[in-house]
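Chain by chain, the residues:
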Protein chains: 2
Amino acid sequence: MQRAAPQTFDRVLSSMCTEPHPAAREAAERFLATNPGDPATYAEVGELETRTVTMLGELAGLGSDRPNEAEVRATARDGPPHGYVTSGGTEANIQAVRSARNRGDAAEPNVVAPESVHFSFTKAAEVLGVELRTVPTDADHRADVDAVAAAVDEGTVLVVGVAGSTEYGRVDPIPELAEIAHETGAYCHVDAAWGGFLLPFTDHEWHFGHAPIDSMTIDPHKCGRAVIPAGGLLFRERAGMDALAVDTPYLESASQASLTGTRSGAGVAGAAAAMEALWPDGYRREYERADGLAGWFAGELRERGFDVADVELPIVVVDLSARAFDALRDRGWRLSRTESGLVRIVVMPHVTREMLREFLADLDGTR
Amino acid sequence: MQRAAPQTFDRVLSSMCTEPHPAAREAAERFLATNPGDPATYAEVGELETRTVTMLGELAGLGSDRPNEAEVRATARDGPPHGYVTSGGTEANIQAVRSARNRGDAAEPNVVAPESVHFSFTKAAEVLGVELRTVPTDADHRADVDAVAAAVDEGTVLVVGVAGSTEYGRVDPIPELAEIAHETGAYCHVDAAWGGFLLPFTDHEWHFGHAPIDSMTIDPHKCGRAVIPAGGLLFRERAGMDALAVDTPYLESASQASLTGTRSGAGVAGAAAAMEALWPDGYRREYERADGLAGWFAGELRERGFDVADVELPIVVVDLSARAFDALRDRGWRLSRTESGLVRIVVMPHVTREMLREFLADLDGTR
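Residues numbered from 1 in each chain as written. Chains lettered and ligands numbered in written order. Predicted model: local features only at pLDDT ≥ 70, side-chain atom pairs only at ≥ 80, totals over all residues. Heavy atoms only, no water.

Next up on the list: the packing of aromatic side chains. The geometry of two aromatic rings is summed up by the distance between their centres and the angle between their planes. All names here are of chain A. For the coordinates displayed, the defined rule picks out twelve aromatic pairs over all chains. Here the aromatic cluster, defined as three or more aromatic residues joined through ring pairs, consists of Phe 201, Trp 279 and Tyr 287. Just above the ring of Phe 325 sits the side chain of Arg 337; from NZ or CZ to the centre is 3.7 Å. (Phe/Tyr/Trp six-rings, centres within 6.5 Å; stacked < 30°, edge-to-face > 60°. Lys NZ or Arg CZ within 6 Å of the ring centre and 35° of its normal.)

Further remarks concern the sheet that holds strand β11 (residues 336–337) of chain B. All names here are of chain B. Across the sheet, which stays open at both edges, the three strands sit in the order β10-β12-β11 with antiparallel pairing between neighbours. One side of each edge strand has no neighbouring strand; the edge strands of this open sheet are β10 (315–318) and β11. Looking at chain direction, β10 and strand β12 (residues 343–346) are connected through four bridges and run antiparallel. For Val 316, the partnering residue across the bridge sits in β12 and is Ile 345. Together, β10 and β12 form the strand contacts of helix α10 (residues 281–303), whose direction differs from that of β10 by roughly 15 degrees. (Pairing = 2+ DSSP bridges. Helix = DSSP H or I, 4+ residues; strand = E, 2+ residues; numbered from the N terminus. Contact = heavy atoms within 4.5 Å. Axes fitted to C-alpha atoms, helices over the stretch in contact; angles between N-to-C directions.)

Residues and elements named next belong to chain A. Counting buried residues along strand β7 (residues 231–235), five of its five residues qualify, which places the element largely inside the surrounding structure. Of the two faces of β7, the one holding Gly 231, Leu 233 and Phe 235 and the one holding Gly 232 and Leu 234 are both buried throughout. With five bridges connecting them, strand β1 (residues 82–86) and β7 associate as antiparallel partners. For His 82, the partnering residue across the bridge sits in β7 and is Phe 235. Bridge analysis of strand β6 (residues 215–217) against β7 gives three bridges, and the strand direction is antiparallel. Among the inter-strand pairings, Ser 215 is bridged to a residue of β7, identified as Phe 235. (Buried < 20%, exposed > 50% of the residue type's maximum accessible area, 1.4 Å probe, protein only.)

Moving on: the interface of chain B and chain A. With 78 residues of chain B at the interface, the matching set in chain A holds 78 residues. For the interface between chain B and chain A, the tally reads four salt bridges. Two residues, Arg101(A) and Glu126(B), come together in a salt bridge whose shortest N-O distance is 3.0 Å. Where chain B touches chain A, the interface holds 22 residue pairs in polar contact (both at pLDDT 80 or more). Sorting the residues of the side of chain B that touches chain A by element identifies α1 (22–30), α2 (43–59), α4 (89–103), α5 (120–128), β8 (246–247), α9 (265–278) and β11 of chain B as the ones contributing at least two each. (Salt bridge = Lys/Arg side-chain N within 4 Å of Asp/Glu carboxyl O. Polar contact = N/O pair within 3.5 Å; in protein donor to acceptor, adjacent residues only side chain to side chain.)

Right, let's talk about the UniProt feature "modified residue: N6-(pyridoxal phosphate)lysine" (unreviewed entry) in chain A for a bit. Residues and elements named next belong to chain A. The feature "modified residue: N6-(pyridoxal phosphate)lysine" (unreviewed entry), as given by UniProt, occupies Lys 222 in the numbering adopted here. Classification of Lys 222 as buried rests on a relative accessible area of 9%. If near-sequence neighbours (up to four positions away) are discounted, Lys 222 is found in contact with Met 16, Thr 18, Gly 89, Ala 193, Trp 194 and Met 348. Within the local environment of Lys 222, its side chain forms a polar contact with the side chain of Asp 219, the two groups lying 2.5 Å apart. (UniProt positions renumbered as here; feature names shortened; annotations may be inferred.)

The subject of this paragraph is the side chain of Asp362(B). Residues and elements named next belong to chain B. Structurally, Asp 362 is set in helix α12 (residues 353–365). Only 3.3 Å separates the side chain of Asp 362 from the side chain of Arg 11, close enough to count as a polar contact. In this structure the side chain of Asp 362 is engaged in a polar contact, spanning 2.7 Å, whose partner is the side chain of Arg 331. Setting aside its immediate chain neighbours within four residues, Asp 362 contacts Arg 11, Leu 328, Arg 331 and Trp 333.

Side chains three or four residues apart in an α-helix point the same way, a direct result of the helix having 3.6 residues per turn. Residues and elements named next belong to chain B. When we look at burial in α1, the residues that qualify are Ala 23, Ala 24, Ala 27 and Ala 28. The buried residues of α1 occupy an angular sector of 130 degrees when projected down its axis, which confines them to one face. Here the buried face of α1 lies against α9. (Arc of directions from axis to C-beta.)

Right, let's get into the domain arrangement of chain A. Think of interface size as the accessible area that goes away when the parts come together; that is how it is often given. All names here are of chain A. Entries for chain A in the domain assignment read domain 1 (22–278) and domain 2 (281–364). Computed over C-alpha atoms, the centres of domain 1 and domain 2 are 28 Å apart. Domain 1 puts 24 residues into the contact, and the matching count from domain 2 is 21 residues. Between domain 1 and domain 2, a total of about 1900 Å² is buried, with carbon and sulfur atoms accounting for 63% of that surface. (Domains from an automatic or database assignment. Buried area = accessible area lost by both parts, 1.4 Å probe.)

This paragraph deals with the environment of Thr156(B). Residue and element names in this part refer to chain B. Along the chain, Thr 156 turns up in strand β4 (residues 156–162). Exposure remark for Thr 156: the relative accessible area of 3% places this residue in the buried category. Taking the C-alpha atoms as reference points, Thr 156 and Glu 167, eleven residues apart in sequence, are found 26 Å from one another. A polar contact of 2.8 Å, which involves the side chain of Thr 156, links it to the side chain of Asn 110. A distance of 2.9 Å separates a polar side-chain atom of Thr 156 from the backbone nitrogen of Asp 153.

Before going further, it helps to examine the sheet that holds strand β3 (residues 131–135) of chain B. Residues and elements named next belong to chain B. Read from one edge of the open sheet, seven strands run β1-β7-β6-β5-β4-β2-β3, paired in mixed fashion. The sheet is open, and its two borders are formed by β1 (82–86) and β3, each paired with just one other strand. Neighbouring strand axes in the sheet, compared pairwise and without regard to direction, differ in orientation by 20 degrees on average. Strands in contact with α2 are β1 and β7 (231–235); relative to β1, the strand with the most contacts, it is inclined by about 110 degrees.

Rotating chain B by 180 degrees and moving it 0.0 Å along the rotation axis overlays it on chain A with an RMSD of 0.0 Å. Taken together, the rotation and translation relating the two chain copies correspond to the operation of a two-fold axis. Proximity to the rotation axis, assessed at the C-alpha, singles out Leu128(B) in chain B; its C-alpha lies 2.6 Å from the axis. Both copies present the same face, since 100% of the interface residues in chain B are matched by interface residues at the equivalent positions in chain A. (Least-squares fit on C-alpha atoms with pLDDT ≥ 70 in both.)

Okay, the packing of helix α2 (residues 43–59) of chain A against helix α9 (residues 265–278) of chain A next. Residue and element names in this part refer to chain A. Packing of α2 against α9 brings their axes to within 9 Å, and their N-to-C directions diverge by 45 degrees. Compared by their axis directions, α2 and α9 come out oblique. Considering how the two elements wind past one another, α2 and α9 form a crossing that is left-handed. Judged by residue contacts, Val 45, Leu 48, Glu 49, Arg 51, Thr 52, Met 55, Leu 56 and Leu 59 of α2 engage Gly 265, Val 268, Ala 269, Ala 271, Ala 272, Met 275 and Glu 276 from α9. Its residues assigned to classes, the contact of α2 with α9 shows ten nonpolar, two polar and three charged. (Parallel < 35°, antiparallel > 145°, perpendicular 65-115°, else oblique. Left-handed = near helix turned anticlockwise from the far one by under 90°. Nonpolar A, V, L, I, M, F, W, Y, C, P; charged D, E, K, R; others polar.)

It is worth spelling out unusual backbone geometry at this point. Residues and elements named next belong to chain A. Omega for the bond connecting Ile 228 with Pro 229 falls within 30 degrees of zero, at 0 degrees, which places this linkage in the cis form. Along the chain, Pro 229 falls in the loop between β6 and β7. Phi angles above zero are rare outside glycine, and His 141 is one such case at about 70 degrees. Residue position: His 141 is located in the loop between β3 (131–135) and α6 (145–151). When its relative accessible area of 25% is taken as the criterion, His 141 is described as partly exposed. Residues other than glycine seldom take positive phi values, yet Arg 225 does so here, at roughly 60 degrees. As for its position among the elements, Arg 225 is in the loop between β6 and β7.

Structural data, given as structure tokens:
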């Protein structure tokens, strides 16, 4: 079994992960046997994690190059941004809810989020014993600001906005959500797990430099082309991380804020290497390629008479019959469905025009 | 920074992780870009995870070769054992507490454990909103059965025993703890995160075949010589896993029991490869080597007049002065302290007699 063929991405249209950048793979292989969860013993990878979090901060508006100078003053920090490299977006989202729960003083805490949030918030609520209140999205699948405002109350510890939603790739009105959160005494978290490496090249308002948000999930192992496992969690204030810390006897370091204990040095080293190789120009080129390709693909589907949702970030949602879906699955295409049964195609770096032409030919063959 | 030198284990005496087996490293490198959290998309690594859990079950007394036939009948199962490859021991311990919390019906659930439990149970209690009741250990640092029996009540959902404790490498009286747990209507979890790959070659009673325990943590990335991240969680009954499952829209698979979402295919493939290469004879040879080496090292320390705890599994706990500790740290030795300030040396596969001779020479130089 250890000779099993590794995954190929030839026909994967369902995943938000992709082929890592060669520099990420090389760095990950060299750091396979390191544990950033014990930074005093594994000092080299500890330094790489600090560097990774600093670069994530630059993408997310916490860096020295942030566009909004008022935000710079509003975010006085010493040292790198506050955060760490998680096992993925689920850990980062659970930890953001946990930090808000621990910092809030609600007896029965609740989290308010649009129904478009990732299912990891359902997991977070169940694990952490908080109520998740999901509210409807608008006709374009974005958070409905009025519905969010109506759902918050004195028990609300966190309001969640999505910047690049899992189903439609939509960006919620983040500044408005942050305002609602702070008016009710709650924190505001942005889930940019998938969108965070695409949005810097758009004119969306989504990050710490655009709105007074408190925390963000942004995953190098999705559009950042790092190696799994490399998610990212950022906080505006150190108190966000401090609310997660537990004492760590036996380790050389004194406390640990991560949800897991031992962590992957390969993930951290791969994230640092990918971001150094690609930020910003490599990520910009990939965003422009994927954006153009998704637009072309949506047009091809519409020409064939299929109902296709407007494309914002490079995700194409199309209404295919169950018969066509099954026939394409039988031909090896890895496809996933939205909750409403539509087919979702994620245009990741491994997805090429040639692949999509093959897909269209196979689709034509099913009719 | 991506050129930073990777970790070497030359002077690491503080870690419960080690240099992976070459077969594990090779398999991990081939599966770096796979996600067992999405097994329908990444089918190959999904099969490797089933295989890994099956092998873990064999080590832990859930396999066809288990010694106690009554237990075989008591554990009727179809298919592989119930469990999955976690990010590490912390996730596995959190999930065992979560499963017991969810399966129990206590309004204010508590978990009873000896004070020797790993700090991940403190984290689990804080995350999950359960009370952790730690009770004293006996003079030999094992769980005190009477103290555990006195601490349980109708709110107790889980009793924890440790099989290879983090500080002294001790094995708690597992059959007695399981009996106390079941008499009070609680589940029994064994934390064999570190000890699980050593104990099969001892006469300890620690696993599913020795006692009616309900769940176990057993980590391939510690003494199993897999690649990080590869922890292991096993349940005797399917209901243990079912209590963790949440629905998963967008993925091709229907539900997810893991605490994290995206997971490391490298960790899963490395664990399968290491166990195929080393179970059982390779692990037996390593246990015998480490056991002999730890005994020799303890003797050398005693001859020098140091106070050394009895060695059970290959961990040597010695009383060194703060001055000696600092001098050895300055010479590059990675050491960790117990909560009571003693120095703990873990004899992992990368720790050789030559290393320990160098350490003793450096120690002699500090006097």
